[in-house]
Amino acid sequence: MGFMDYATMRTGIDQRRVLKFAVIFLAAGVACFALYKAKFISSSFDLHFLRFASFSSQGTREEMVRVFKGASMKNRTIILTMVNEAWARPNSTFDLMMESFRIGSNTSWLLKHLVVVALDPNSYSRCMELHPHCYFLTSPTTENNYTHKEAYFMTPRYFEMMWRRVDFLHTVLQLGYNFIFTDADIMWFRNPFHRFFEDADFQISCDRFNGNSLDLNNDPNNGFKYVVSNERTIKFYKLWYESRKKYPGLHEQHVLNRIKHKPFIKKIGLKMRFLDTLYFGGFCEPSKDFNQVCTMHANCCMGLDNKVHDLTLVLQAWQAFLSRPSSNQDMASKEPARWRTTKKCKL
């Protein structure tokens, strides 16, 4: 065999070996790729399923109990607020309220007892990014984007949201939980518990306080209240919610002003108290003492943007007060509180 014949044969053998290894390598690669794709698809399906299952569990009674249990104090008390997409978006009232908890006096620990009730998927997702205790309150209108935007005062959306809130809080009481309910446009500056009446069943803030916490002629504001779960409050909330049919066209706060005088309230023995604006102030009637104020509500103010603008000023006024030396803070208790002049709402 000549050199050229040998070289030709050797080249053929090498080519067949290369081709053989290439086929084996290609087959192994295809197999690995197929295995990876199968695992990826399975993982993606599992992840999607878990997400779907988690989202689908929201709105159930079992999920409500789970969230409440995680946030509850030892005496079965929780703090509740309610938001939709407009109120929960970045730099809106929800962010301001959360910041007030963080910078308030002895209020940051209360955040672990706060349950945020979301009225639509976007507000629920935002809550889950920021806070451990979120509950998605579903309704037939949720899927129709009904609760996503700002609910302007006295519009059908506003009525629907307010009555859903009354019905929801009735359920909270039936589950045996006491609660503080706070609108998301309320700033928390101090722990309010030591300002509540020990013997009251139902305590509510006021747009304007006449000086007598027992006087039913006070002008209540439903945005902040402390309610103890018992037979009396459960019956009261049932009456309140059912009264929407008797007073069509009135929102829940106006209906409260109607039913608070009814003999039924006295018959069931409900002990109702109205909270002093010195401690629980608002834009309608601001607290006049920085050393006493617990909360500040953006009531008597129309429009979400206006509330955000002026609540930002309120937080700045509180921070300025905290930055004073303690001697100056004590002196401030003897002078009227000077909240920063508002431009969008009128204090």
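Heads up: these notes are all about the structure in this document. Everything numeric in this text was worked out from a predicted model, so none of it was measured. Numbers given to residues run from 1 along each chain, matching the order in which its sequence is written. Where local features are concerned, this predicted model is filtered to residues with pLDDT of at least 70; where side-chain atom pairs are given and counted, the filter is 80 or more; whole-chain, interface and lining totals use all residues. For side-chain calculations, the full set of non-hydrogen atoms in the structure is used, while hydrogens and water are omitted.

Categorising residues by exposure relies on relative accessible area from a 1.4 Å probe, with only protein chains included: less than 20% of the type maximum marks a residue as buried, more than 50% marks it as exposed, and the intermediate range marks it as partly exposed. A run of H or I in DSSP becomes a helix once it reaches four residues, and a run of E becomes a strand once it reaches two; helices and strands are each numbered from the N terminus. When you tally the buried positions in strand β4 (residues 178-182), you get five out of five residues, the bulk of the element. Sheet analysis places β4 next to strand β7 (residues 219-227), joined by four bridges and oriented antiparallel. Each bridged residue has a counterpart across the sheet, and for Ile 180 the counterpart in β7 is Tyr 226. One bridge is not enough; two strands pair if DSSP finds at least two bridges between them.

Moving on: the nonpolar core. One finds Met 97, Trp 188 and Phe 189 to be the most contacted residues of the largest nonpolar core, which totals 50 residues. No other element matches the eight residues that helix α10 (residues 304-322) contributes to this core. Among the nonpolar cores identified, the runner-up in size contains 43 residues, and Met 161, Phe 179, Val 255 and Ile 265 belong to it. Each nonpolar core is a collection of buried residues, namely Ala, Val, Leu, Ile, Met, Phe, Trp, Tyr and Cys, held together in the definition by side-chain atoms within 4.5 Å.

Turning our attention to the pattern of salt bridges. Only one rule defines a salt bridge in this text: a Lys or Arg side-chain nitrogen within 4 Å of an Asp or Glu carboxyl oxygen. The tally for this structure, following the rule as stated, stands at twelve salt bridges. Where Arg 126 meets Asp 95, a salt bridge forms, and the shortest distance between an N and an O atom there is 3.2 Å. One end of the pair, Arg 126, is in helix α5 (residues 121-130); the other, Asp 95, is in helix α4 (residues 93-103), and 31 residues separate them in sequence. Asp 95 matches Arg 126 in its accessibility class, with the two residues each being buried.

So, on to the sheet that holds strand β6 (residues 202-208). Taken in spatial order, the seven strands make up an open sheet running β3-β2-β1-β4-β7-β6-β8, and their pairing is mixed. At either end of the open sheet lies a strand with only one pairing partner, and these are β3 (134-136) and β8 (272-274). Each neighbouring strand pair of the sheet contributes to a mean axis angle of 30 degrees, computed without reference to strand direction. The sheet contact formed by strand β1 (residues 77-83) and β4 spans four bridges and is parallel. Along β4, the bridge assignment pairs Ile 79 with Ile 180. What makes two residues a contact is simply this: any of their non-hydrogen atoms within 4.5 Å. Helix axes use the C-alpha atoms of the stretch in contact, all axes being lines fitted to C-alpha atoms, and the angles between their N-to-C directions lie in the range 0 to 180 degrees. Across the face of the sheet, helix α8 (residues 252-259) comes into contact with β6 and β7 while running at roughly 90 degrees to β7.

Here His 194 shows up in the loop between β5 (186-188) and β6. Judged by relative accessible area, which is 54%, His 194 ranks as exposed. At 3.5 Å, the side chain of His 194 forms a polar contact with the side chain of Arg 195. Here a polar contact means two N or O atoms within 3.5 Å. Within protein one must be a hydrogen donor candidate and the other an acceptor candidate, and residues neighboring in sequence count only if both atoms are side-chain atoms.

The next point concerns helix α7 (residues 231-242). In this analysis, the expected span of each helix is defined as 1.5 Å times one less than the number of residues it contains. Helix length check: α7, at twelve residues, gives a terminal C-alpha distance of 17 Å against a target of 16 Å (1.5 Å per residue), a fit within 8%. Inspection of α7 places Thr 233, Phe 236, Tyr 237, Leu 239 and Trp 240 among the buried residues, and these make up the whole buried set. In an axial view of α7, the angular spread of the buried residues amounts to 160 degrees, which keeps them on one side of the axis. One side-chain oxygen of the residue at the start of α7 lies 3.0 Å from the amide nitrogen of Arg 232, identifying that residue as Asn 230. Note that the arc is computed from the directions linking the helix axis to the C-beta atoms.

Any two cysteine sulfur atoms within 2.5 Å of one another count as a disulfide. Under the definition given, this model contains three disulfides. Two residues, Cys 127 and Cys 134, share a disulfide whose sulfurs are 1.9 Å apart. Note on the Cys 127 and Cys 134 pair: the S-S dihedral is about -85 degrees, so by sign convention the disulfide is left-handed. No difference in accessibility class separates Cys 127 from Cys 134, as the two residues are buried. Paired by a disulfide, Cys 301 and Cys 345 hold their sulfur atoms 1.8 Å apart. Remark: Cys 345 occurs in the segment after α11 (326-332) and Cys 301 occurs in the loop between β10 (295-297) and α10; sequence separation between them is 44 residues. Here the two residues Cys 301 and Cys 345 agree in accessibility, since each one is buried. Here the bonded cysteines of the protein chain are numbered in sequence order, and their pairing is 1-2, 3-4, 5-6.

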